[in-house]
Each structure stands twice: as C-alpha cells, then as structure tokens.
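# Coordinate inspection notes
So you can see what is in the structure, the chains are spelled out below.
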Amino acid sequence: MPRIELSSGPIDYQDTRGEGPVLVFGHGAPMNETQWRKVVPLLDGYRCVLPTLPLGGHRQPMNPDADLTQRGVARLLGEFIERLGLDQVTLVLNDWGGGQFLISEGRDQRIARLALVACEAFDNFPPGPAKAAAQVCRIPGGVRLLTQLMRMPAVRRARGGYGGMSLRGIPDEIMDDWFAPATRSKAIRRDFAKFATGAPDRRTLLAWSEKLRDFDRPVLIVWATEDRLMPREHGPRLAELYPQSQLVEIADSSTLVPEDQPEQLAQALTGFLTRTGAEPVRHTP
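Owing to the predicted nature of the structure, the values given are computational and were not obtained by experimental measurement. (Residues numbered from 1 in each chain as written. Predicted model: local features only at pLDDT ≥ 70, side-chain atom pairs only at ≥ 80, totals over all residues. Heavy atoms only, no water.)

## Here's the deal with the packing of aromatic side chains
By the definition in use, this model includes six aromatic pairs. On the basis of an interplanar angle of 75° and a centroid distance of 5.4 Å, the ring pair of Tyr-162 and Phe-179 is categorised as edge-to-face. Of the two residues, Tyr-162 sits in the loop between α5 (153-156) and α6 (172-184) while Phe-179 sits in helix α6, which places them 17 residues apart along the sequence. Judged by relative accessible area, which is 14%, Tyr-162 ranks as buried. With relative accessibility at 8%, the residue Phe-179 sits in the buried group. (Phe/Tyr/Trp six-rings, centres within 6.5 Å; stacked < 30°, edge-to-face > 60°. Helix = DSSP H or I, 4+ residues; strand = E, 2+ residues; numbered from the N terminus. Buried < 20%, exposed > 50% of the residue type's maximum accessible area, 1.4 Å probe, protein only.)

Right, dumping it as structure tokens:
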C-alpha cells in the first residue's frame, strides 16, 4: 500500500489511479479504507483515492505531537490532498463528518464537490452512542478496555454500537482489521484517544457549521432512513444549509450505507457526478 509522510506522520492510502475525475473517500472511527470495498468497484472510470486517516484504525502511529482533534484531522486530510497534487476533488464522507471542516477552515480550494453520506453534522460530533465511548477514552487505559470489549461478539453486535451501524451486519474479518492496530499498539491507542476526545463544544461546532453556507459548489447528501446515529432530520437540514445541494434518502440502510446499500449509493454518486460535469473516463478496448 502506498504511504506518504505528512507533517503529522505517515498516511497509508489506496489509489485506483487512471485519468478519471478524482474521488477522495473519508471513513469512520476506528475504521479504514475497507469501509468502501463494495462501492469502489462500482465506480469504473473514476480515480478513487482512499487515505487511512488516524481515527484509530490506522496501521502506522502518528507523531507524538500530532494534532488529531476534529479540526486537526480535517487539516491533515487537506494536506494529503494537496501533497498528492489532487485537484477538482469530489470529497466523499461517511460516518466521520469532520472533512467538512476544510470548508470552515478555508482550505477547500481543491474540492469541486462534496458527497455527505450519513455522516456527523452540526453538533453531532461524536454521535449519541459514541459519546459514552469518548468519555471512556479520557480515562487512562480506556482505549485498551474498548479494544478488548470489541473482541466480544455481544458487544460488537449491540444495537447501540457497531451492531446498529449496519442492518446487514459487518463481517467479523472486517472489524478484526479495523480494531487490530489499536489492539496491538499503544501509540495507535494514544492517537485514537486524541481523536475520540477531540471534538469542540456545541457552540463551536454550530459556529463552524454556519460557515458551510459559503460553500458554493455542488453537494450530494445521502441519508439513511433507518440510521440510529445520524438523526434523519440532519439530511434535510444539511440540504438547506448548502446552497447547491441535492438530498437522496436510501431506505433499508443504517449509517454504513456503503455496507448496506452499495449499489444504490454508487448509483446516486455516479448520477450526481455526471450531472455536475464529472463524467467517467473509460477506455475502449
């Protein structure tokens, strides 16, 4: 897997390459690029770039002084896009919504479009059930306790946690991969604790959200009708916030739409991309 050294440390990433329009995918915590494994193969003609961000599922620890707050990770994502020389990017987010802070930080010049798929928004950082986990992460040894608990099937499948993020169920081998780095590495657990406890207060989050009104480029909002983590009203509310937005609701799905309804999500993405001038590039044999 390619790796790039950024100011805060190394970032692994996948890159399908090609000449098509560039899509950069964010993921949730503590997850990695496999969150999109069902969707990327359906996006023929696009260059898909998938960084593994330092949200706890990353395989290489960041520098000890790295800023891994919500704002810090957003800025790191912006640095990643810049360092790879990517431009006219469509930024696709699911679960983690902090990539939107590139806009409030004034670092969105390389973003041509935004696709928000059942993700954190407004003051929902972190979403309801994850708030308790964030408090555990403030306690010495708390992250290690969480990683040990996540090895238990009953905890993994609890509807108030990962069991509620997908109606289809996340395969054990995928979750094993997500939790392995923090299980084996104290430095990864340190990074995860920084991120998990790095959301600002409600007033700050709402102030940052107001700045999103200035984003004058196309935005696709895809919301799941049976999501337990991302309030359903946030979909229409985001559609009102962004001046050039389109809202699509997908039934029979929870937060991880790429897991539950990958075909419908890919169809929504490709339709949005085509309508807004990002045609796929396909080579004839």
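Now, onward.
## Here's the deal with the sheet that holds strand β5 (residues 89-95)
Ordered by their spatial adjacency, eight strands build an open sheet running β1-β2-β4-β3-β5-β6-β7-β8, and the pairing between neighbours is mixed. Of all strands in the sheet, those with a lone pairing partner are β1 (3-6) and β8 (245-250), marking the two edges. Strand-to-strand, the axes of this sheet are offset by a mean angle of 20°, without reference to chain direction. Where strand β2 (residues 9-15) lies against strand β4 (residues 47-51), three bridges are found, and the strand directions are antiparallel. Each residue of the ladder has a partner; that of Gln-14, found in β4, is Leu-50. Contacting β1, β2, β3 (22-25), β4 and β5, helix α1 (residues 70-83) runs over the sheet at an angle of about 120° to β1. Relative to the sheet, helix α9 (residues 234-241) contacts β6 (111-119), β7 (219-224) and β8, its axis offset from that of β7 by approximately 170°. (Pairing = 2+ DSSP bridges. Axes fitted to C-alpha atoms, helices over the stretch in contact; angles between N-to-C directions. Contact = heavy atoms within 4.5 Å.)

## Remarks on the pattern of salt bridges
Evaluated as defined, the whole model comprises 17 salt bridges. Taking the shortest distance from any N to any O, the salt bridge between Arg-37 and Glu-259 comes out at 2.6 Å. Within this pair, whereas Arg-37 is found in the loop between β3 and β4, its partner Glu-259 is found in helix α10 (residues 257-260), the two being separated by 222 residues in sequence. Between Asp-177 and Arg-59 there is a salt bridge, and its shortest N-O distance comes to 3.6 Å. (Salt bridge = Lys/Arg side-chain N within 4 Å of Asp/Glu carboxyl O.)

## Here we look at the side chain of Thr-90
Here Thr-90 shows up in strand β5. By relative accessible area, Thr-90 is classed as buried at 1%. In this structure, Thr-90 is in contact with Val-22, Leu-23, Val-24, Arg-113 and Leu-273, ignoring residues within four places of it in sequence.

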